[in-house]
Amino acid sequence: MPKIAIAIALLSLLCGTAQGHDLYRSESKLEIHGRQITATFTLNLLDFPGVDRDGDKRVTRAEFDPEAEPIYKALDEHYSLDSSGPPVRRTREKSELFDEHVLTVVEQFTFPQDVLAVRVTSTLPDVLGSTHIHLVSVYLGGRLQENILDTRNRTAFFTQTSGSNFETFRRFVWLGIQHIATGYDHLSFLVGLLVATASLKSLVKTITSFTVAHSLTLALATFSIIVLPSRFTESAIAASIVYVAVENLIRNRTIQRYRITFLFGLVHGFGFSNVLREMQLPRANLALSLFSFNLGVEIGQVVFVILLFPAIEDLVKSGWTKLRPALSAIIALLATYWFIQRAFFG
């Protein structure tokens, strides 16, 4: 691959967005009682374009009220249930706004017969963005069943014999991969490590240290053993990226980083845990979901490193000495912006 093409790819990755994570989430919990299904939706109002009018990441009642009906209409049009046919009645029971940006909506679906199986369809990414995912959970057949809906998988079918562990494993592995693919702050952190790594052996040592650390805190936070405020965690992640980038600019390329990377990995693990914690997953499948999600994160990281490390090494060996300071400076600027945004305006 030509040097200029590699450089453009790296710069596009770092400059493509000013946000850390662009993976948006919502959820619905279904309770089945004979002919009726009660669906409790949890929606992030910040995901809806135009609701947060002043851009302060808080949705006041004055901002929400004019947008309430369009939001309810979008939910009606882009989320549906089917059980041997459509419901005969769908009613909105109540809604509540809390935490200045979260909306819960309770709806009642009534079918002409007892519900023994249900098909859930979500086209919410059509209105909330292509990276939007929707977690569905339903208690059916004596056990809890879950699925993740997104642009690739818009429909889930639940029966008394469906919802295998393999399906949970597959869905959460993919969720972990998606999280890394859209987690530009974590990818920037990895690029900062890659451009200052002297050898493949050193890289493996550093990445392993990072993996062990973030796996530990991901588990601790997901099981609510140790939980840190999201604002503090996300700000600390940005600060860690600034540190790595600045260190690249002032030290030589043979630095040993696995010790400091372990400390930063602990912080990044709390950041990864926010995805699972915000889903409020039932504890029945939490261990499997956690393992699968973490595996997906690792797969995403490994693929990213395998693709970029040889290219970066080729550029450095070919005499492009300005690559490391150029990329490090860009990473430092982006991470500084993320830190200010998260620490003071998050």
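Predicted model, so just to flag it, every value in this text is computed and none were measured. (Residues numbered from 1 in each chain as written. Predicted model: local features only at pLDDT ≥ 70, side-chain atom pairs only at ≥ 80, totals over all residues. Heavy atoms only, no water.)

Points about the packing of helix H6 (residues 184-194) against helix H8 (residues 230-250)
Condition: A fitted line through C-alpha atoms serves as each axis, taken over the contacting stretch for helices, and the angle formed by two N-to-C directions is quoted from 0 to 180°. What counts as a helix is a DSSP run of H or I of at least four residues, what counts as a strand is a run of E of at least two, and both are numbered from the N terminus. The scheme is simple: roughly parallel for angles under 35 degrees, roughly antiparallel for over 145, roughly perpendicular for 65 to 115, oblique for anything else. Two helices that cross are described as forming a left-handed crossing if the nearer one is turned anticlockwise from the farther one by less than a right angle, and a right-handed crossing if clockwise. In what follows, a contact means two residues having at least one pair of non-hydrogen atoms within 4.5 Å.
One way to put it is that H6 packs onto H8 with a least axis distance of 9 Å and a crossing angle of 20°. Classified by the interaxial angle, the pair formed by H6 and H8 is roughly parallel. When the axes of H6 and H8 are compared, the crossing they make is left-handed. The segment H6 lies against H8, with Asp185, His186, Ser188, Phe189, Gly192 and Leu193 engaging Glu234, Ile237, Ser240, Ile241, Val244 and Asn248.

Quick look at the layout of surface pockets
Using the following cut-off: Residues are called lining when one of their atoms sits within 4 Å of a cavity or pocket point, these points coming from a 1 Å grid over the protein atoms alone, where a cavity is a set in which a 1.4 Å probe fits but cannot get out and a pocket is an open set with protein on both sides within 12 Å along at least five of seven lines. Grid points are joined across faces, edges and corners, and a volume is the space filled by probe spheres set on the points. Following the grouping adopted for this structure description, the nonpolar residues are Ala, Val, Leu, Ile, Met, Phe, Trp, Tyr, Cys and Pro, the charged ones are Asp, Glu, Lys and Arg, and the polar ones are all others, Gly among them.
Approximately 160 Å³ is the volume found for the second largest pocket. Taken together, Leu200, Leu203, Val204, Ile207, Thr208, Gln301, Val302, Val305, Ile306, Phe309 and Pro310 make up the full set of residues lining the second largest pocket. Breaking the lining of the second largest pocket down by element, the ones donating at least two residues are helix H7 (200-222) and helix H10 (286-317). With 6 residues, H10 is the largest single contributor of residues to the lining of the second largest pocket. A class-by-class count of the residues in the lining of the second largest pocket yields 9 nonpolar, 2 polar and no charged.

Remarks on the nonpolar core
Condition: Nine residue types can take part in a nonpolar core, namely buried Ala, Val, Leu, Ile, Met, Phe, Trp, Tyr and Cys, and a core is a set of them joined through side-chain atoms within 4.5 Å. Burial here depends on accessible area, computed with a 1.4 Å probe over protein chains only, as a share of the maximum for the residue type. Under 20% is buried, over 50% is exposed, and the range in between is partly exposed.
Counting residues in each nonpolar core, the largest one holds 42 residues, and the members touching the most others are Leu175, Phe189, Val191, Leu194, Ile241, Phe293 and Phe304. Put simply, the parts of the chain that give this core at least two residues each are strand E7 (133-140), helix H5 (165-182), H6, H7, H8, helix H9 (258-279), H10 and helix H11 (323-344). Take this core: its biggest share by element is 9 residues, from H10. Counting residues in hydrophobic clusters, the runner-up holds 33 residues, among them Phe64, Leu128, Ala156 and Phe158.

Thoughts on the sheet that holds strand E1 (residues 25-33)
Backbone hydrogen bonds hold the strands of a sheet together, and the pairing may be parallel or antiparallel. Filter applied, for reference: Strand pairing follows a simple DSSP-based rule, namely that at least 2 bridges must link the two strands.
Ordered by their spatial adjacency, 6 strands build an open sheet running E4-E5-E2-E1-E7-E8, and the pairing between neighbours is mixed. Of all the strands in the sheet, just strand E4 (89-98) and strand E8 (143-149) have a single pairing partner and so form its edges. Here the average twist between neighbouring strands, direction ignored, is 15°. Here 6 bridges tie E1 to E7, and the two strands are oriented parallel to one another. Each residue of the ladder has a partner; that of serine 28, found in E7, is valine 136.

Observations regarding the sheet that holds strand E3 (residues 79-82)
The strand order across the open sheet built from 3 strands is E3-E6-E9, with neighbouring strands paired in antiparallel fashion. Looking at the sheet topology across the chains shown, the edges are occupied by E3 and strand E9 (155-158). Averaged over all pairs of adjacent strands, the angle between strand axes in this sheet comes to 15°, irrespective of strand direction. Across 4 bridges, the pairing between E3 and strand E6 (residues 118-122) is antiparallel. The partner of serine 80 across the bridge, within E6, is threonine 121. Strands in contact with helix H3 (residues 68-78) are E3 and E6; relative to E3, the strand with the most contacts, it is inclined by about 40°.

Section: unusual backbone geometry
Peptide bonds are trans in most cases, and residues, glycine excluded, mostly fall at negative phi. In this structure, glutamate 100 is a non-glycine residue whose phi angle is positive, near 65°. As for its position among the elements, glutamate 100 is in the loop between E4 and strand E5 (102-110). The backbone phi angle of serine 224 is positive, close to 60°, even though this residue is not glycine. Within the secondary structure layout, serine 224 lies in the loop between H7 and H8.

Structural notes on the confidence of the model for the chain
Low-pLDDT stretches of the model should not have their predicted coordinates read in fine detail. Here is the rule: Per-residue confidence from the predictor is reported as pLDDT, a score between 0 and 100.
In the predicted model, the chain carries a mean pLDDT of 84, and the fraction of residues at 70 or more is 86%. Residue range residues 16-23 is modelled with pLDDT below 50. Its contacts to residues more than four positions away, or to other chains, number 32 contacts.

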